[in-house]
Amino acid sequence: MDSVTAVTLVFVEVEDAASLWQRLGGRVEPALLALDAAAEECARLGGGRIVKSTSGSAMLAFEAAAGAVRGAVALTERAAAFPDPLELRIGIHAGTPLREEDPATGREDFFGPDVNRAARLMTAGHGGQILLSRAAAMQAAEAIAPLPHIDLGEHRLRGLERPERILQLLPPSMAARRFPALRTLTALPTNLPGQTSSFVGRGTELARVAGLLDGQAGRVVVVTGAAGVGKSRFAVRAAADALERFPGGCWFADLSDAETPEAVATSVIAAFGGQVRGGDGIAEAGDQLASRPASLILLDTADHLLGLIEPLLGRWRARAPGTSFLVTSRVSLPGAGIDEIRLEPFPSPPGDGSLSGIAAGDAVRLFVDRARDARPDFALTEANAADVATICSELDGIPLAIELAAARSRILQPAELVRKLGQKFQLLRSTRKDITRRQQTLQGAIEWGEEQLDAADREALRQLAVFHGGFSPEAADFVVQPGPEGGGMRGSEAAVHLARRSLLSVREGLDGLRFQLYRPVREHAWKRLADGADRGAVELRHEGWFFRVFELPAERDRHDRAGWRIFADDAENLAEVHRRAVARGPGHEIAVLKAAMLIAKASVKRGNLSSALARLAPALEAARRSPAWPEQDCWFRARALFSHATSLRLVGRYAESLPCLEDALEEARAAASPILLAEVLWDLAHACGMLGLWPRGDAALEESEKHARAHGLKVRLASILILRSGRHQAQGEFERGLAFARESLELSRQTNRRDAIAETSNVLAIALAVVDRYLEAVPLLRESVEVDTTTENRSALALHMSNLAEILAMCGEWGESFRSFERAQALFLELGRPVNAAYTRMRRAECEALAGKTAEARKGLDEVVPTLGSLGVAMGARLTLLRARVLLGEGAPAEALSCLESGLPALVQGEDIRDWCEAHCLRARALLAVGDPAGALTVLGGVLELESRGRLLPSFGVAAWLLRARALEGQGKRDEAREAARAAGRHLGPLVAGASSASPLVAESAPQIRRLLAD
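Residues numbered from 1 in each chain as written. Predicted model: local features only at pLDDT ≥ 70, side-chain atom pairs only at ≥ 80, totals over all residues. Heavy atoms only, no water.

Colleague: Mind laying out the overall build of the protein, listing which residues take part and the relevant values?
Modeller: What the protein contains, in helices and strands, is 47 helices and 16 strands. Each of the three principal axes of the protein carries a C-alpha extent, and together these read 100 × 85 × 50 Å. Looking at the protein as a whole, 56% of its 1015 residues are labelled buried. The contacts in the protein between residues at least 6 apart in sequence include a share of 69% that link residues at least 24 apart. Counting only carbon and sulfur atoms, one obtains 52% of the accessible surface of the protein, whose full area is about 41300 Å². (Helix = DSSP H or I, 4+ residues; strand = E, 2+ residues; numbered from the N terminus. Buried < 20%, exposed > 50% of the residue type's maximum accessible area, 1.4 Å probe, protein only. Contact = heavy atoms within 4.5 Å. Areas by Shrake-Rupley, 256 points an atom, 1.4 Å probe, with all protein chains shown as cover.)

Written as structure tokens, this is what we have:
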């Protein structure tokens, strides 16, 4: 995409297409075809081209403005000379629009504000009129000079903030023509301030305002939001869009200096261009409103008039029921019949980190637009996109802050701006004279809101600034200590007050309501908190809120039962607690360890677990060496050891986690905590299973289940049943595995824990997939993915997307499957889980081998072996099978046989009947390929023997019987081969019922069976 090359755009349209149809009737088509041909010829005449055209309209692009003028004049003359004359209205503007290839036509297309300006110029005109913007007129001055032209002055165009000086141009043959007034906003009654830059985003909110103002007369709409979120700018844009709906006009009244109802009335009368003549300005304003047709009054900045403005509006609405009011305020206005539109900061840049993804966000679009105002050649590129995204995120998406930062692009590159964001209050200043004092600096905007607070709220705001990334109502109550003027108000009450004044946001977190100060507000308030004892005491209360889980038995039990999931919302807070604990130095090792443990727990769902582990491992080592370690109780020591062990397990370091788990288990037994015991034993069972240590794992799982059932630990029991389900499936007891998966999901539903429900739905889906019931599995996994997305559980999302990808592949949905694999792998890497990422890549390679993409599968195998090759027998078995499948795909059956022979011990030790079946089917394929049908029949005998014991899955039944049929056919035993094909067909029936017709096994097997039976 090229965003800086200059071009002149010409928009052309037939005037009043409806009347043209009536006038020409059935002959309209020849006229429009003639217009298309003339447009093509005139574009070439001026050195341009047609970008796109529809019936009766076209968009042309010229490299030079003079060529655009020549083309437009020629086209106007030719259209007027048609046998059935056409009157064209034409708009011309020169600028630097975004360029992109239209995927439908392959032609270069244009986007952005410059395109909108050219189109608005055209719609402002009348048939026969050519209108040019100032930029186009300046660039084409020599071409315009000999032609009839008139300066029509400055006009406001619909949907554009910056007024445009418009030049009218005519062909010499039409010099005497006169036209009505332009169709612009300039002629409408208003004093709305003009804007000098583009308006970005807020389409949904603008539509809501338009709907409210369209609904009925006498509406009051209040636009609320944080400092710098763009309330005034938004309201001016909404009012400008509504101009045509208010014959009495739209009028802007700035209330920032008004302190009384009389002052408000004076501002409203002044908006009409008048002044108060009598003694009662409020009544006089009401009389003026009543004497006008339906009008819209924009009352800007009513924050400080809370309690005064609502009765005043009530009085005016009663006197002038046709008048509507649009009010901007950081605070909601009370009262019936008042509609609120809340503006939130722009969200963080969306997408996957790509240039197109980053560029799609409104925050980035705003930055780029304002940066171009400061430096016209600025462009978003691969080199600076990440820095621009960082700037927008660090400024919390607050438009004022983004605009002030972008203005610095005149002298600073985005990377330099990122480095200077620590001094944002010094950096983010404007020298513009057309904006208010509070809009000239970010600090000024925040101070304006702070000045409206009473002393108690100001003190609470400064204490709440200790929180990074948000806080719960309970945390606010714990940390905020009311001052003498606080009147005993709790921190959560103060947070509600501050939310009403748009100084913080409110949302639902994983464990209830969450407040969050906007980052610039928090940094400003924290600087205002006095240094010394006050700040230190607030920091200690902040730390104490998180460390209470280690100190209070009731808190320990609460968080053990809840899985400590509350901490997933507090990653930023915990990082700050850890930083302060480390800064205190020697003697504070236990505090550092506590913070590191909580960070690790918070990272399980969303954060980078490898990064958390890098904090936790040295913290645990230092704490165990410190004199304070023996003084800690058994529960804390067990929890610390277990935190380290489970973090190791989750990043795939199973062997390293085992000794730590054994130590944690010893401490947990001493602590006599059944909840902790059940948890540690479950992790031990999981790690042992991954390493093929089945007896130890089975014993640990059995003991974990005993504690879970005895103490009613439903979430833990659901996790135990997950492992039991997998264990029975591996042993070929598929129906029992399915039953355990269903029981696990039912238990999770009883707990009403969405994360547990998503996980157990995933397990049931896997159990269904194991028995080849893929179509039943897909909706369960889609539900899991949806829950993970809404709860922001990125760790579970990566796993469940990976599982969904594999099942989609088994249904033949290759495109979505591979996209899901890629997304899951990228998520695991972001989360600091390289083993999970490698495992996902291996699963994708297995599917690539199924799809016949042998080269891609080989590449995947080469990528994952260094990471997965030493993780134990289970992973060794999977790698062996993948290597053999790749070799067979490459036409190397002898090498595949050798690979399977060398990997046989791992396959046997792994105790997974599915791997065993697959290995034998692959061996049979390889033996057939090397011309040994007898050997293939011997190998297949062991697989088919499982059928009599009810342990042969339909998929392996189809594969094994088909391979047997081929082996018998190779020996000339046609009748026996047909019987084997019929047996394969019997297994194919359940497989077809559970998978789509595009399933690779169905797609490959059905024609083979038909051929064998036909033979």
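Colleague: Would you mind going over the state of the cysteines in detail, with residue names and values included?
Modeller: All chains considered together, the criterion is met by 0 disulfides. Looking at the unpaired C811, the closest cysteine sulfur is the one in C847, lying at 11 Å. Residue classification places C811 among the buried positions, given a relative accessible area of 3%. (Disulfide = S-S within 2.5 Å.)

Colleague: Which residues make up the sheet that holds strand β10 (residues 220-225), and what are the values?
Modeller: The strand order across the open sheet formed by 5 strands is β11-β12-β13-β10-β14, and the pairing between neighbours is parallel. The open sheet has two free edges, formed respectively by β11 (250-254) and β14 (338-343), since each of these has just one partner strand. Taken pair by pair, the neighbouring strands of this sheet meet at an average axis angle of 20 degrees, ignoring direction. The strands that helix α8 (residues 231-241) touches are β10, β11, β12 (296-300), β13 (324-328) and β14; relative to β13, the one it contacts most, it runs at about 160 degrees. Relative to β11, helix α9 (residues 261-271) is tilted by about 140 degrees, and along the sheet it contacts β11 and β12. (Pairing = 2+ DSSP bridges. Axes fitted to C-alpha atoms, helices over the stretch in contact; angles between N-to-C directions.)

Colleague: Give me the lowdown on the side chain of S409, citing residues and values where you can.
Modeller: Here S409 shows up in the loop between α15 (399-407) and α16 (414-419). On the basis of relative accessibility, which here comes to 0%, the residue S409 falls in the buried class. Apart from the residues lying within four places of it in its own chain, the contact partners of S409 are F367, A371, R375, F378 and L417.

Colleague: Go over the nonpolar core, please, and point to the residues and values.
Modeller: In this structure, F367, L464, F471 and L593 are the most contacted members of the largest nonpolar core, which totals 123 residues. Here the element with the most residues in this core is helix α31 (residues 674-691); it accounts for 12 residues. Contacts of F471, omitting those with residues within four sequence positions, involve L464, A476, A495, L504, L513, R514 and F515. Counting 80 residues, the second largest nonpolar core, distinct from the first, contains I722, A741, A798 and W961. (Core = buried A, V, L, I, M, F, W, Y, C linked by side-chain atoms within 4.5 Å.)

Colleague: Describe the packing of helix α37 (residues 794-810) against helix α39 (residues 834-850), and please don't skip the residues or the numbers.
Modeller: Two numbers describe how α37 lies on α39: the axes approach to 10 Å, and their chain directions differ by 5 degrees. The angle between the axes of α37 and α39 places the two elements in the roughly parallel class. For the pair formed by α37 and α39, the contact residues are S802, N803, E806, A809 and M810 on the first element and T840, R843, E846, C847 and L850 on the second. Here the residues of the contact of α37 with α39 sort into 4 nonpolar, 3 polar and 3 charged. (Parallel < 35°, antiparallel > 145°, perpendicular 65-115°, else oblique. Nonpolar A, V, L, I, M, F, W, Y, C, P; charged D, E, K, R; others polar.)

Colleague: Summarise the sheet that holds strand β2 (residues 48-54); cite the residues concerned and give the values.
Modeller: An order of β2-β3-β1-β4-β7-β9-β8 is seen for the 7 strands of this open sheet, with the pairing classed as mixed. With one partner strand each, in any of the chains shown, β2 and β8 (149-155) form the two edges of the open sheet. Neighbour-to-neighbour, the strand axes of the sheet open up by a mean angle of 20 degrees, direction not taken into account. Bridge analysis of β2 against strand β3 (residues 57-62) gives 6 bridges, and the strand direction is antiparallel. Across the sheet, T54 pairs through a bridge with S57, a residue of β3.

Colleague: Got a sec to walk through the packing of helix α38 (residues 814-830) against α39? Specific residues and values, please.
Modeller: Direction vectors running N to C along α38 and α39 enclose 165 degrees, while the axes themselves pass 8 Å from each other. Classified by the angle their axes make, α38 and α39 are roughly antiparallel. As for the relative orientation of α38 and α39, their crossing is left-handed in sense. On the side of α38, the interface is formed by W814, F818, F821, E822, A824, Q825, F828 and L829, while α39 contributes N836, A837, T840, R841, R843, R844, C847, E848 and L850. Across the contact of α38 with α39, the residue classes break down as 9 nonpolar, 3 polar and 5 charged. (Left-handed = near helix turned anticlockwise from the far one by under 90°.)

Colleague: Break down the pattern of salt bridges for me, citing the residues and quoting the values.
Modeller: Oppositely charged side chains can pair when the atoms bearing their charge come close. Applying the stated criterion across every chain yields a total of 58 salt bridges. Of the charged contacts, one joins R1011 and E969 as a salt bridge, the two residues approaching to 3.1 Å between their closest N and O atoms. Of this pair, R1011 sits in helix α47 (residues 1000-1014) while E969 is found in helix α45 (residues 954-970), placing the two residues 42 residues apart along the sequence. Among the ionic contacts, a cluster of salt bridges with common partners joins E822, R841, R844, E848 and E863. (Salt bridge = Lys/Arg side-chain N within 4 Å of Asp/Glu carboxyl O.)

Colleague: Can you tell me about unusual backbone geometry, naming the residues and giving the values?
Modeller: Phi angles above zero are rare outside glycine, and T301 is one such case at about 70 degrees. Assignment of secondary structure puts T301 in the loop between β12 and α11 (309-319). Its identity as a non-glycine residue notwithstanding, N752 has a phi of 60 degrees, on the positive side. Within the secondary structure, N752 is located in the loop between α34 (734-751) and α35 (754-770).

Colleague: I'd like a description of the packing of aromatic side chains, backed by residues and values.
Modeller: Under the defined criterion, the tally for this structure stands at 10 aromatic pairs. For the pair W316 and F325, a centre-to-centre distance of 6.3 Å together with 15 degrees between the ring planes defines the contact as stacked. Taking the relative accessible area as the measure of exposure, F325 reaches 0% and is therefore buried. Both rings, one in F367 and one in F378, keep their centres 6.0 Å apart while their planes meet at 65 degrees; by these two values the pair is edge-to-face. With F367 in helix α13 (residues 362-374) and F378 in the loop between α13 and α14 (385-394), the pair connects residues that are 11 residues apart, well separated along the chain. Each member of the pair F367 and F378 is classed as buried. Cation over ring: R292 sits above F272, and NZ or CZ is 4.0 Å from the ring centre. The lysine or arginine in question, R548, covers the ring of W545, its NZ or CZ lying 3.5 Å from the ring centre. (Phe/Tyr/Trp six-rings, centres within 6.5 Å; stacked < 30°, edge-to-face > 60°. Lys NZ or Arg CZ within 6 Å of the ring centre and 35° of its normal.)

Colleague: Just give me the short version of helix α32 (residues 694-710), but keep the residues and values in it.
Modeller: The terminal C-alpha atoms of α32 lie 24 Å apart, and with 17 residues this matches the ideal 24 Å at 1.5 Å per residue to within 8%. One or two steps after α32, the chain reaches G712, where phi turns positive at roughly 65 degrees. (Expected span 1.5 Å × (residues − 1).)

Colleague: If you had to explain the environment of L121 to someone new, which residues and values would you point to?
Modeller: Here L121 lies in helix α4 (residues 113-124). For L121 and R974, which are 853 residues apart along the polypeptide, the C-alpha to C-alpha distance reads 81 Å. In this view, L121 contacts G91, I92, H93, L131, L132, S133, L157, E164 and I166; residues no more than four positions away in its chain are not counted.

Colleague: So what about the pairing of β3? Which residues, and what values?
Modeller: In the case of a regular strand, side chains alternate between the two sheet surfaces. With 5 of its 6 residues buried, β3 lies for the most part within the structure. Pairing analysis gives 6 bridges linking strand β1 (residues 7-14) to β3, with the strands arranged antiparallel. Within β3, the residue paired with V10 across the bridge is L60.

Colleague: How would you sum up the environment of F642? Please name residues and give values.
Modeller: By secondary structure assignment, the location of F642 is in helix α29 (residues 634-650). Residue classification places F642 among the buried positions, given a relative accessible area of 2%. Spatially, the C-alpha atom of F642 lies 38 Å from that of L395, the residues being 247 residues apart in sequence. When sequence neighbours within four positions are dropped, the list of residues in contact with F642 reads L661, A664, L676, E679, V680 and D683.

Colleague: So what's going on with the environment of D569? Which residues, and what values?
Modeller: Considering the arrangement of structural elements, one finds D569 in the loop between α25 (553-561) and α26 (571-584). For the pair D569 and S603, spaced 34 residues apart in sequence, the C-alpha to C-alpha distance is 9.6 Å. At a separation of 3.2 Å, a polar atom in the side chain of D569 contacts the side chain of R606. (Polar contact = N/O pair within 3.5 Å; in protein donor to acceptor, adjacent residues only side chain to side chain.)

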